Amino acid sequence: MAVDHLQMIPLTRKNSFPSARKLSGLDFRREFKGSVLERKAKNQRRGIISSLIGRISEWTGFPKKSPKRFNVVSDSPLCDLECPIDEFPCEILVEIFSKLDRSTAVKCREVCSKWKMIIEDSTVLRQALLKTKTLSRLCIRGVPKKESGGKRMVEMRWIDYDTQSCKAILLPTPLNINNNSLFFAFSQFEIQRIVIQDLSFTDEIVHFLRMNLHSCPSLSPVQLTLNNLDFGTAKSLTLHHLLAAVGKSLEVIEIQSVYGIRPLDFTDAHVSQLDATKIRRLVVDKIRLSGCTSRSLLLGDASLRLFISANNFPTLVLDRCNVTTGVVCDYSQEWLDSAQHDENSLSRHQVCTVKRCHRVKASHFEDECSKRRLNCRRSSVTRTTTIYNIQSEHGHDEFTFALCPVPVEEKKEEVILN
């Protein structure tokens, strides 16, 4: 019988992941020492520092590099020489960084924590180096759990219309209010529009936004849009705090498709925080109030009188508000009078839409117009909307009033509750 002198060694799989008992005895710093990851990190740091030293040598007139003195990284992991630039005082580093262009400064932030702190926290650098850029839109939205792998996330997206570019980051909730990692990004932008949508409108969101907007060099947005928000956990001062930061510069404010909102969440006091002379459009639409469906927001005649006194007549969309027929007629009449005395425009048109407001009725509106001798006529009548056109005497100016009455079902519920 033939004997096989070759001893077959059984194949076994290498245990790349030792047990937890053995893992606790490993020193990952020793494993990292001399590895490929360490060499890559040092090579990247060497490239940034060498380019920076080359720029410094151009300004000072010294040779671009000295092979022995400025050899930051060697092929041997044990030979790690110190770079003299690490010993520079912070004031000298600030002066050096101020001579760089923006892209190089952003790369220098990745060298070490000291450089990152100097570049981000220095006011001199932000003014001299990081030129302010106009940002078209800042959009903050809640990410569905299907898109975020079952986790609650908030997406913050920066959009620039001029360059047709955008950048987005995901933030875990609850938001870390004390985290200042976004201050550097916000310090470079002048934001024109702020959009908040698809999330719960809470004090946490408002405080996080205000903390970051405070680092903007010039905070003067012209538009604020709140879309598809849950006001169930909001307080009466939540929106007040947001308007306190951005309200004076707004020209357009839109509150659309919000639910769980209460009468005190948006009132005449909130509108008084705005600059009545700047507002061009005020939209409160598709409101779902919490509790009784027949209730209205405490936004009414005081806001219209505020615009009348400022001689500014923005386009209005008021849903479930507390306005009255008489003040709406005052608003239309004052607009016609101001348009008649405006010599800069040959023809003007204004629109006011009142939806599901219990104190405004079609019959009362027609009677008020006839008392004031306004040229009012119905231009369209449907099941849900009645449109009136009020023209001036010369016929060049026209005020369009759209009235959407309260549905019959809600009237029946109101009678039953009363």
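Residues numbered from 1 in each chain as written. Predicted model: local features only at pLDDT ≥ 70, side-chain atom pairs only at ≥ 80, totals over all residues. Heavy atoms only, no water.

**Student:** Summarise the overall build of the protein; cite the residues concerned and give the values.
**Tutor:** Each helix and strand counted, the protein has 15 helices and 16 strands in total. Put simply, of all contacts in the protein between residues at least 6 apart along the chain, 71% involve residues at least 24 apart. Working note: accessible area of the protein is about 24900 Å², and carbon and sulfur atoms make up 52% of it. (Helix = DSSP H or I, 4+ residues; strand = E, 2+ residues; numbered from the N terminus. Contact = heavy atoms within 4.5 Å. Areas by Shrake-Rupley, 256 points an atom, 1.4 Å probe, with all protein chains shown as cover.)

**Student:** Describe the nonpolar core, with residues and values.
**Tutor:** The biggest cluster of nonpolar side chains holds 73 residues, and the ones touching the most others in it are Leu138, Phe201 and Phe401. Tallying contributions element by element places helix α13 (residues 325–340) first for this core, with 7 residues. Beyond its immediate chain neighbours, meaning those up to four positions away, Phe401 contacts Val328, Cys352, Val354, Val360, Phe365, Thr386, Ile387 and Tyr388. Counting 9 residues, the second-largest nonpolar core is a separate cluster that includes Leu93, Val111, Ile118 and Ile119. (Core = buried A, V, L, I, M, F, W, Y, C linked by side-chain atoms within 4.5 Å. Buried < 20%, exposed > 50% of the residue type's maximum accessible area, 1.4 Å probe, protein only.)

**Student:** Mind laying out the packing of aromatic side chains, listing which residues take part and the relevant values?
**Tutor:** Here the structure, examined in full by the defined rule, presents 9 aromatic pairs. For the pair Phe365 and Tyr388, a centre-to-centre distance of 5.2 Å together with 50° between the ring planes defines the contact as tilted. Of this pair, Phe365 sits in helix α14 (residues 362–371) while Tyr388 is found in strand β15 (residues 386–391), placing the two residues 23 residues apart along the sequence. Here Phe365 and Tyr388 have matching classes, each one buried. (Phe/Tyr/Trp six-rings, centres within 6.5 Å; stacked < 30°, edge-to-face > 60°.)

**Student:** So, unusual backbone geometry: which residues are in play, and what are the values?
**Tutor:** Its identity is not glycine, yet Gln164 carries a phi of approximately 55°, on the positive side. Here Gln164 lies in the loop between β3 (153–160) and β4 (165–172). Taking the relative accessible area as the measure of exposure, Gln164 reaches 74% and is therefore exposed. Residues other than glycine seldom take positive phi values, yet Arg320 does so here, at roughly 55°.

**Student:** Quick one: what's the story with the side chain of Gln197, residue by residue and with numbers?
**Tutor:** With respect to the helices, strands and loops of the structure, Gln197 is situated in strand β6 (residues 193–200). According to the relative accessible area criterion, Gln197 is buried, its value standing at 18%. If sequence neighbours within four positions are ignored, Gln197 has contacts with Cys139, Ile140, Arg141, Gly142, Asn227, Asn228 and Leu229.

**Student:** Give a description of the packing of α13 against α14 that names residues and reports values.
**Tutor:** Packing of α13 against α14 brings their axes to within 10 Å, and their N-to-C directions diverge by 45°. Regarding the angle of α13 to α14, the classification is oblique. When the axes of α13 and α14 are compared, the crossing they make is right-handed. Contacts between α13 and α14 pair Thr325, Val328 and Cys329 from the former with His364, Phe365, Glu368 and Cys369 from the latter. Among the residues forming the contact of α13 with α14, the class breakdown is 4 nonpolar, 2 polar and 1 charged. (Axes fitted to C-alpha atoms, helices over the stretch in contact; angles between N-to-C directions. Parallel < 35°, antiparallel > 145°, perpendicular 65-115°, else oblique. Left-handed = near helix turned anticlockwise from the far one by under 90°. Nonpolar A, V, L, I, M, F, W, Y, C, P; charged D, E, K, R; others polar.)

**Student:** Now, about the pairing of strand β13 (residues 348–355): what can you tell me, with residues and values included?
**Tutor:** Strand residues, when the strand is regular, have side chains that alternate between the two faces of the sheet. As judged from the 4 bridges shared by strand β12 (residues 315–319) and β13, these two strands associate in the parallel manner. Among the inter-strand pairings, Leu316 is bridged to a residue of β13, identified as Cys352. In the sheet, β13 pairs with strand β16 (residues 397–404) via 8 bridges, with the strands oriented parallel. Within β16, the position partnered with Lys355 by the bridge is Cys404. (Pairing = 2+ DSSP bridges.)

**Student:** Residues and numbers for the environment of Arg262, please.
**Tutor:** Among the secondary structure elements, Arg262 is positioned in the loop between β9 (259–261) and α11 (268–271). Arg262 gets classed as partly exposed once you look at its relative accessible area, which sits at 27%. Linking Arg262 and Gly232, residues 30 residues apart in sequence, is a C-alpha distance of 8.3 Å. Discounting residues that sit within four places of it in the chain, Arg262 has contacts with Phe231, Gly232, Ala234, Lys235, Leu289, Ser290 and Leu297. Only 3.5 Å separates the side chain of Arg262 from the backbone oxygen of Gly232, close enough to count as a polar contact. (Polar contact = N/O pair within 3.5 Å; in protein donor to acceptor, adjacent residues only side chain to side chain.)

**Student:** I'd like a description of the environment of Ile191, backed by residues and values.
**Tutor:** On the secondary structure map, Ile191 appears in strand β5 (residues 189–191). What makes Ile191 buried here is its relative accessible area of 3%. Distance from Ile191 to Pro221, taken between C-alpha atoms, is 5.7 Å for residues 30 residues apart in sequence. Excluding residues within four positions of it along the chain, Ile191 makes contact with Leu135, Leu138, Phe186, Leu213, Cys216, Ser220 and Pro221.

**Student:** Outline the pairing of strand β14 (residues 375–381), listing residues and values.
**Tutor:** Bridge count between β14 and β15: 6 bridges; the pairing is antiparallel. Note that in β15 the partner of Cys376 across the bridge is Ile390. In textbook terms, the turn of a hairpin is the stretch between consecutive antiparallel strands, and for β14 and β15 this stretch comprises 4 residues.

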